[in-house]
Amino acid sequence: GAGVSQSPRYKVAKRGQDVALRCDPISGHVSLFWYQQALGQGPEFLTYFQNEAQLDKSGLPSDRFFAERPEGSVSTLKIQRTQQEDSAVYLCASSLDRDAVLSGNTIYFGEGSWLTVV
Amino acid sequence: EDKVVQSPLSLVVHEGDTVTLNCSYEVTNFRSLLWYKQEKKAPTFLFMLTSSGIEKKSGRLSSILDKKELSSILNITATQTGDSAIYLCAEGTNAGKSTFGDGTTLTVKP
């Protein structure tokens, strides 16, 4: 596709339910990032993939959060046993280069998946 | 812990005004500073700055980095209502991770 595509756009989950959020990056993009953005705050880093390798998962808030990118393209962020504090927009971004923040190439964000846990 | 602080938190101006948005950072291993515009929910990339004192310009937007002061500014001249958005500053500490500020919400009134 032309841009980074995320689904679902909106998800309401009952507390304790598991959710899976999907990201389709731009075709051929090596780097893929997940961020969590709470209302009124900037995005917070969750995890980073270079192709299928998860190089940094230091931002995942707990072991309830799991991300994968098994074939180096589509990525899924899974949240188990959701809690109210998980309510946020989950942003996915991709970039052509391995060193996205220094390459000069732009980093493209999707429109996010808005998760509300009730 | 790396930190990025933006000011002001919000700003309301009228069309035609010039605005300056500020970003300061505290990082252990600076590599680059990035500016994004966020409308709805998809941040769009504006600028990447790595060298101090070199202005980057795109139309009515410009940005410059001051490594001595650990800060950057984003200027928008002749503002238009379409400039209304959240402007995010981020520091790229390594290949995969950016530390974002909480953004400046700009509202441009007709």
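Thresholds, definitions, all that
- Residues numbered from 1 in each chain as written.
- Chains lettered and ligands numbered in written order.
- Predicted model: local features only at pLDDT ≥ 70, side-chain atom pairs only at ≥ 80, totals over all residues.
- Heavy atoms only, no water.
- Helix = DSSP H or I, 4+ residues; strand = E, 2+ residues; numbered from the N terminus.
- Rg over C-alpha atoms; globule rule 2.2 N^0.38 Å.
- Buried < 20%, exposed > 50% of the residue type's maximum accessible area, 1.4 Å probe, protein only.
- Contact = heavy atoms within 4.5 Å.
- Areas by Shrake-Rupley, 256 points an atom, 1.4 Å probe, with all protein chains shown as cover.
- Lys, Arg positive; Asp, Glu negative; His and termini not counted.
- Charge placed at Lys NZ, Arg CZ, Asp CG, Glu CD.
- Buried area = accessible area lost by both parts, 1.4 Å probe.
- Salt bridge = Lys/Arg side-chain N within 4 Å of Asp/Glu carboxyl O.
- Disulfide = S-S within 2.5 Å.
- Pairing = 2+ DSSP bridges.
- Axes fitted to C-alpha atoms, helices over the stretch in contact; angles between N-to-C directions.

## Some points on the overall build of chain B
Logical step 1: Along its length, chain B carries 0 helices and 11 strands.
Logical step 2: In chain B, the succession of α and β elements from N to C terminus is β-β-β-β-β-β-β-β-β-β-β.
Logical step 3: Its C-alpha radius of gyration of 13 Å places chain B within 12% of the 13 Å reference for a compact globule of 110 residues.
Logical step 4: Over its C-alpha atoms, taken along the principal directions, chain B stretches across nearly 40 × 30 × 20 Å.
Logical step 5: Counting every position in chain B, which comprises 110 residues, the buried fraction comes to 43%.
Logical step 6: Counted over contacts in chain B with a minimum sequence separation of 6, partners at least 24 positions apart contribute 53%.

## A short note on the overall build of chain A
Logical step 1: If you tally the helices and strands in chain A, you get 1 helix and 11 strands.
Logical step 2: Along chain A, from the amino end to the carboxyl end, the secondary structure elements read β-β-β-β-β-β-β-β-β-α-β-β.
Logical step 3: By the compact-globule yardstick of 13 Å for 118 residues, chain A fits well, its C-alpha radius of gyration being 13 Å.
Logical step 4: Looking at chain A residue by residue over its 118 residues, the buried ones come to 47%.
Logical step 5: Sequence-distant contacts, at least 24 apart, represent 55% of the contacts inside chain A between residues at least 6 apart.
Logical step 6: Counting every atom, chain A has about 5600 Å² of accessible surface; 47% of that belongs to carbon and sulfur.
Logical step 7: Across chain A, the mean location of the 11 positive side-chain charges is 8 Å away from that of the 13 negative side-chain charges.

## Side note on the interface of chain A and chain B
Logical step 1: Listed per partner, the contact involves 25 residues of chain A and 21 residues of chain B.
Logical step 2: Interface area, chain A with chain B, both sides summed: about 1900 Å², of which 61% is carbon and sulfur.
Logical step 3: The tally of links from chain A across to chain B stands at 0 salt bridges.
Logical step 4: Elements with a contribution of two residues or more to the side of chain A that touches chain B: strand E4 (31–37), strand E5 (44–50), strand E9 (88–95) and helix H1 (100–103) of chain A.

## Describing the state of the cysteines
All names here are of chain B.
Logical step 1: Under the definition given, this model contains 2 disulfides over all chains.
Logical step 2: Put simply, Cys23 and Cys89 are joined by a disulfide, and their sulfur atoms are 1.9 Å apart. With the S-S bond torsion at -65 degrees, the cross-link from Cys23 to Cys89 turns out left-handed. Placement of Cys23 in strand E3 (residues 19–26) and of Cys89 in strand E9 (residues 85–92) is noted, with a sequence separation of 66 residues between them.

## Examining the environment of Ile64(B)
Residue and element names in this part refer to chain B.
Logical step 1: As for its placement among the helices and strands, Ile64 is situated in strand E7 (residues 61–66).
Logical step 2: Judged by relative accessible area, which is 30%, Ile64 ranks as partly exposed.
Logical step 3: For Ile64 and Met48, which are 16 residues apart along the polypeptide, the C-alpha to C-alpha distance reads 9.6 Å.

## Considerations on the pairing of strand E6 (residues 53–56) of chain A
Regular strands place their side chains on alternate faces of the sheet.
Logical step 1: As defined by bridge partners, E5(A) adjoins E6(A) across 3 bridges and the pair is classed as antiparallel. Its bridge partner lying in E6(A), Phe49(A) is registered against Gln54(A).

## Brief notes about the sheet that holds strand E6 (residues 56–58) of chain B
All names here are of chain B.
Logical step 1: Strands sit in the order E1-E3-E8-E7-E6 across an open sheet of 5 strands; the sheet is antiparallel. If you trace the sheet from one side to the other, it starts and ends with strand E1 (3–7) and E6, each paired once. Going from strand to strand, the sheet's axes swing by 15 degrees on average, the running direction of each strand aside.
Logical step 2: Pairing analysis gives 5 bridges linking E1 to E3, with the strands arranged antiparallel. Within E3, the position partnered with Lys3 by the bridge is Glu26.

## Thoughts on the sheet that holds strand E3 (residues 19–24) of chain A
All names here are of chain A.
Logical step 1: Taken together, 4 strands build an open sheet; the order of strands is E1-E3-E8-E7 and the sheet is antiparallel. Strand pairing shows two members of the sheet lacking a second neighbour, strand E1 (5–7) and strand E7 (65–68), which therefore form its edges. Ignoring strand direction, the axes of neighbouring strands in this sheet form an average angle of 15 degrees.

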